[in-house]
Amino acid sequence: MAGKFEPKEPVQLDPPKDDPITVEELAKCNGVDSDKVYVAIKGKVYDVTGNPSYLPGKAYHVFTGKDASRALGMTSTKPEDVVADWSTLSEKEKGVLEDWVTFFSKRYNIVGVVAGATNMD
């Protein structure tokens, strides 16, 4: 039996990187200002470049170039919810956020961490 949130097809991931990525650099990785498409969760930056759902005009583009921790915990695609601070989430929402961390970590390479992130724990 496959583990929780296992991808349908096996994914070969690179070792996680901890290179600092500034908020400004992250913001450019949105599929518009750069060919790179990154989403950060709890300060870790994931490369979602190959997934068309994150391209401009698609459902998850709102998360690109940002730390989307709060929105993911809330299961929200509202732009105003796409912020790094997840400290006000309920316990249930924090569990949802952890599920997203698990989901992303099994599918996407971690290419760095948001420089100065205070939302990692």
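The preceding data block contains the structure.
Bear in mind that the values here come from a model prediction, so they are computed numbers and not experimental data.

A closer look at the nonpolar core
Stage number 1. With 19 residues, the main nonpolar core has Val-39, Ile-41, Tyr-46, Val-48, Tyr-54, Phe-63 and Phe-104 as its most contacted residues.
Stage number 2. When contributions to this core are tallied by element, the ones reaching two or more residues are strand E2 (38-41), helix H2 (69-74) and helix H3 (91-105).
Stage number 3. The greatest single-element share of this core, amounting to 3 residues, is contributed by H3.
Stage number 4. Contacts of Val-39, omitting those with residues within four sequence positions, involve Lys-44, Val-45, Tyr-46, Val-48, Tyr-54, Phe-63, Thr-64, Lys-66, Ala-68 and Phe-104.
Stage number 5. The next biggest cluster of nonpolar side chains, apart from the first, holds 8 residues, and it includes Ile-21, Leu-26, Tyr-38 and Ala-40.

So, the packing of aromatic side chains
Stage number 1. Summed over the entire model, instances satisfying the criterion amount to 9 aromatic pairs.
Stage number 2. On the numbers, 6.4 Å between centres and 75° between planes, the contact of Tyr-54 with Phe-104 is edge-to-face. Placement of Tyr-54 in the loop between strand E3 (44-47) and H2 and of Phe-104 in helix H3 is noted, with a sequence separation of 50 residues between them.
Stage number 3. The exposure class assigned to Phe-104 is buried, which follows from its relative accessible area of 0%.
Stage number 4. Pairing Trp-100 with Phe-104 gives two aromatic rings, centres 6.1 Å apart and planes at 65°, and the pair type is edge-to-face. Note that Trp-100 and Phe-104 are positioned in helix H3 at a spacing of 4 residues, about one turn of the helix.
Stage number 5. Overall, Trp-100 belongs to the partly exposed group, its relative accessible area being 24%.
Stage number 6. Taken together, the ring pairs connect Tyr-46, Tyr-54, Tyr-60, Phe-63, Trp-100, Phe-103, Phe-104 and Tyr-108 into an aromatic cluster.
Stage number 7. Geometry around Phe-103 places Arg-107 over its ring, the cationic atom sitting 3.7 Å from the centre.

Reading the values: rules and limits
- Residues numbered from 1 in each chain as written.
- Predicted model: local features only at pLDDT ≥ 70, side-chain atom pairs only at ≥ 80, totals over all residues.
- Heavy atoms only, no water.
- Core = buried A, V, L, I, M, F, W, Y, C linked by side-chain atoms within 4.5 Å.
- Buried < 20%, exposed > 50% of the residue type's maximum accessible area, 1.4 Å probe, protein only.
- Helix = DSSP H or I, 4+ residues; strand = E, 2+ residues; numbered from the N terminus.
- Contact = heavy atoms within 4.5 Å.
- Phe/Tyr/Trp six-rings, centres within 6.5 Å; stacked < 30°, edge-to-face > 60°.
- Lys NZ or Arg CZ within 6 Å of the ring centre and 35° of its normal.

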